[in-house]
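Structure at a glance
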Amino acid sequence: MKLYELLQLIPGSRIVGDSNKSIQGIEVDSRLVKPGDLFICIIGFQMDGHHYASQAIKQGAAALVTNYELDVEAPQIIVKNSRFALAIFSNHFFNYPSQKLKLIGVTGTNGKTTTTYLLEKILQDRGFQTGLMGTIEMKIGNRSHEVKNTTQDVLELQRSLSRMVESGAQYCVMEASSHGLELGRVKGCDFKTAIFTNLTQDHLDFHMTMEQYREAKSLLFSRLGNIYNEDPEKRKTAILNADDPSSVYFEKVTAAHVITYGIDQEADVRAKDVKTFSEGTSFRLESYAGNANFRLNLIGKFSVYNVLAAIAAALAEGLNLQEIKSSLEAVEGINGRFEKVSEGQDFSVIVDYSHTPDSLENVLTTIKQFAKRKVICVFGCGGDRDRTKRPMMGEIVGKYSDYCLITSDNPRTENGLEILKDIEPGVISAGKSKDQYDLFVDRKQAIEKAIEMANCEDVVLIAGKGHENYQEINGIRYDFDDRLIAKKTLKKFSVKRL
Ligand SMILES: CC(=O)N[C@H]1[C@@H](OP(=O)(O)OP(=O)(O)OC[C@H]2O[C@@H](n3ccc(=O)[nH]c3=O)[C@H](O)[C@@H]2O)O[C@H](CO)[C@@H](O)[C@@H]1O[C@H](C)C(=O)N[C@@H](C)C(=O)N[C@H](CCC(=O)O)C(=O)O
Ligand SMILES: Nc1ncnc2c1ncn2[C@@H]1O[C@H](COP(=O)(O)OP(=O)(O)OP(=O)(O)O)[C@@H](O)[C@H]1O
Ligand SMILES: N[C@H](CCC[C@H](N)C(=O)O)C(=O)O
Ligand SMILES: [Mg+2]
């Protein structure tokens, strides 16, 4: 691809040097530049990519994209905003892959990952080739690839979509995080369907206010195509949660066809008579496409919302309700979400990815419905993340559990004990006394203590890390898996009991 071809895509940009030069690839990280690449200099939160221009050229970069002219021996396309240029150029370089498959985006504070896997299951069962992108992995068909972020950076994202298209994917289901939306990682993505799960507090370190957080989420809906299309194959749809007040705003900003789902309020796809059991849920679905009785292995009312969102999106694709139902009823569970760990012990151990006030409250109130005896909760709060949610999470755990073990959950660059101390006042304000909670910087010790103190029919909830297989401390990811630690401890513990 020649530089002049890219130059034409951004009116107002200019070139210094040979516009006839060809590029073979695009790169934003100087360390990964290959000969012939176009290196785009991005001003980030930690670094300024412009400072790595010389390194990129040394590694063989054919040309640069910059925000200002640099004194280097390589052609430069100078633009006003190199992040915007990155989105435009990546989409163009990979030949607009999102237009070649049906792209379904899921946004919301909680339930995104779960909803994407439910939809993937429904689509795969109907014989569609799928791709998936989210917190746990990027998948092309059933092949898994590692990811750094829930919503990958624009270049990686377009590259992944292009690989999906090459492999014959007809659908891609992806999580659109608020960071992803705000930082333009999904710019240029032509979504066919946008799903909203819910909006509660998280990420205020980045968005500052709930209004701005909602505004970021709204980008998924406001950018959805604005022409109602008779042909369902081309129709853009916004799937909104009727029980969440933010949906009113998203409905306002989208010009797409809206389908609502919910439990408490009237909705196009509604669950009635919701019953929750210790092993699953049941409800009667009433929808514009027919009614059906569901019996699921997924636990808690919150799971019913994710299921409804997936049903609504699948119905929008014209899929058959009975077939959707059999796919969903066959789902055993989602990796690291309300995952039971059992070594034959006489109490329950549950590993869950609840790391926000709302998800913790949902999971704990669900557990409270079935717990015959005590609830013991191991939890923490991430470092370098929203500090205001720490006492809130402490209060929720203090309120709904009998014993709280406050511990580390990816302290990142913060001091582990300081984070625990930010959480502690919440636990105290919920009325917990010194003999009802403890602090362990070492998460392994916290898990061991929880399991050791559990008695018959108690429930131990290990919250916050779910599928994660690491503990991040000062930039290093140490091997750590709540499920493995719990299993090992249970084995050790049963030996001790014998
Ligand atoms: C705050 C944030 O989102 N930061 C993201 C951002 O990093 P940054 O702006 O700090 O980048 P930087 O390190 O300053 O580098 C700037 C530029 O210099 C380049 N560089 C840098 C060093 C070098 O030697 N050479 C070089 O060329 C970099 O490649 C980059 O282009 O761009 C990086 C590359 O895309 C991201 O990986 C990084 O995500 C960090 C790891 C992160 O933790 N993000 C979290 C907050 C996040 O995005 N989470 C969401 C939300 C999940 C949820 O909903 O719960 C997600 O989607 O994952
Ligand atoms: N619809 C829901 N409403 C509230 N809480 C939920 C819902 N679905 C899941 N949860 C809770 O949130 C946790 C995370 O779920 P999931 O991974 O599906 O959400 P996510 O939105 O992808 O999270 P992240 O932003 O970290 O990627 C679950 O472990 C569960 O505790
Ligand atoms: N995507 C979320 C995940 C949080 C998971 C939790 N274990 C933590 O580290 O805080 C974030 O990056 O804020
Ligand atoms: Mg997720």
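Residues numbered from 1 in each chain as written. Chains lettered and ligands numbered in written order. Predicted model: local features only at pLDDT ≥ 70, side-chain atom pairs only at ≥ 80, totals over all residues. Heavy atoms only, no water.

1. Thoughts on the UniProt feature "modified residue: N6-carboxylysine" (unreviewed entry) in the chain
Taking the numbering used here, the UniProt-annotated feature "modified residue: N6-carboxylysine" (unreviewed entry) corresponds to Lys-217. Within the secondary structure layout, Lys-217 lies in helix α8 (residues 210-222). Given a relative accessible area of 1%, Lys-217 falls into the buried group. Each residue touching Lys-217, except ones within four places of it in the same chain, is listed here: Thr-107, Gly-108, Thr-109, Ala-176, Ser-177, Ser-178, Leu-181, Leu-199 and Phe-250. (UniProt positions renumbered as here; feature names shortened; annotations may be inferred. Helix = DSSP H or I, 4+ residues; strand = E, 2+ residues; numbered from the N terminus. Buried < 20%, exposed > 50% of the residue type's maximum accessible area, 1.4 Å probe, protein only. Contact = heavy atoms within 4.5 Å.)

2. Let's talk about the site of ligand 3
Around ligand 3, the neighbouring residues are His-203, Tyr-353, His-355, Gly-382, Arg-385, Asp-409, Asn-410, Arg-412, Gly-464 and Glu-468. In this structure, a nitrogen atom belonging to ligand 3 sits 2.9 Å away from a main-chain N or O atom of Gly-464. A total of 350 Å² of accessible area belongs to ligand 3 in isolation, and the protein chains cover 85% of it. Residues that form the shell around ligand 3 fall into these classes: one nonpolar, five polar and four charged. (Near = heavy atom within 4 Å. Polar contact = N/O pair within 3.5 Å; in protein donor to acceptor, adjacent residues only side chain to side chain. Areas by Shrake-Rupley, 256 points an atom, 1.4 Å probe, with all protein chains shown as cover. Nonpolar A, V, L, I, M, F, W, Y, C, P; charged D, E, K, R; others polar.)

3. Considering α8
Given a rise of 1.5 Å per residue, 13 residues ought to cover 18 Å, and the 18 Å separating the end C-alpha atoms of α8 matches this to within 8%. Where α8 bends most, the angle comes to about 25 degrees, and this point is Ala-216. Among the residues of α8, Tyr-213, Ala-216, Lys-217, Ser-218, Leu-220 and Phe-221 are the ones counted as buried. (Expected span 1.5 Å × (residues − 1). Bend = angle between axes of the 7 residues up to and from the residue.)

4. Observations regarding the pairing of strand β16 (residues 290-296)
Relative to β16, strand β15 (residues 281-287) runs antiparallel, the two being bridged by seven bridges. Across the sheet, the residue bridging to Leu-285 is Ala-292, located in β16. Two successive antiparallel strands, β15 and β16, enclose a turn made up of two residues. (Pairing = 2+ DSSP bridges.)

5. Observations regarding the sheet that holds β16
Pairing is mixed across the open sheet formed by 11 strands, whose spatial order is β9-β8-β7-β10-β6-β11-β12-β13-β14-β15-β16. Each having just a single partner strand, β9 (143-145) and β16 make up the two edges of the open sheet. Each strand axis lies, on average, 15 degrees off the axis of its neighbour in the sheet, ignoring direction. Strands in contact with α8 are β6 (102-107), β11 (191-196) and β12 (237-241); relative to β11, the strand with the most contacts, it is inclined by about 145 degrees. (Axes fitted to C-alpha atoms, helices over the stretch in contact; angles between N-to-C directions.)

6. Some words on the site of ligand 2
Around ligand 2, a shell composed of 21 residues is seen, among which Lys-112, Thr-113, Thr-114, Thr-135 and Asp-352 lie nearest. Interatomic distance of 3.3 Å between a side-chain N/O atom of Asn-198 and a nitrogen atom of ligand 2. Mapped onto the shell around ligand 2, the elements with two or more residues apiece are α4 (112-125), α10 (301-316) and α12 (357-370). Take the shell around ligand 2: its biggest share by element is four residues, from α12. Of the residues assigned to the shell around ligand 2, the class counts are three nonpolar, 13 polar and five charged.

7. Some words on the packing of helix α13 (residues 389-400) against helix α14 (residues 416-429)
Closest axis-to-axis distance for the α13/α14 pair is 6 Å, and the angle between their directions is 45 degrees. Classified by the interaxial angle, the pair formed by α13 and α14 is oblique. Helix-helix and strand crossings are classified by hand; for α13 and α14 the assignment is right-handed. Where α13 approaches α14, its residues Arg-390, Pro-391, Gly-394 and Glu-395 are matched on the opposing element by Ile-419, Asp-422, Ile-423, Gly-426, Val-427 and Ser-429. For the contact of α13 with α14, a count of residues per class yields four nonpolar, three polar and three charged. (Parallel < 35°, antiparallel > 145°, perpendicular 65-115°, else oblique. Left-handed = near helix turned anticlockwise from the far one by under 90°.)

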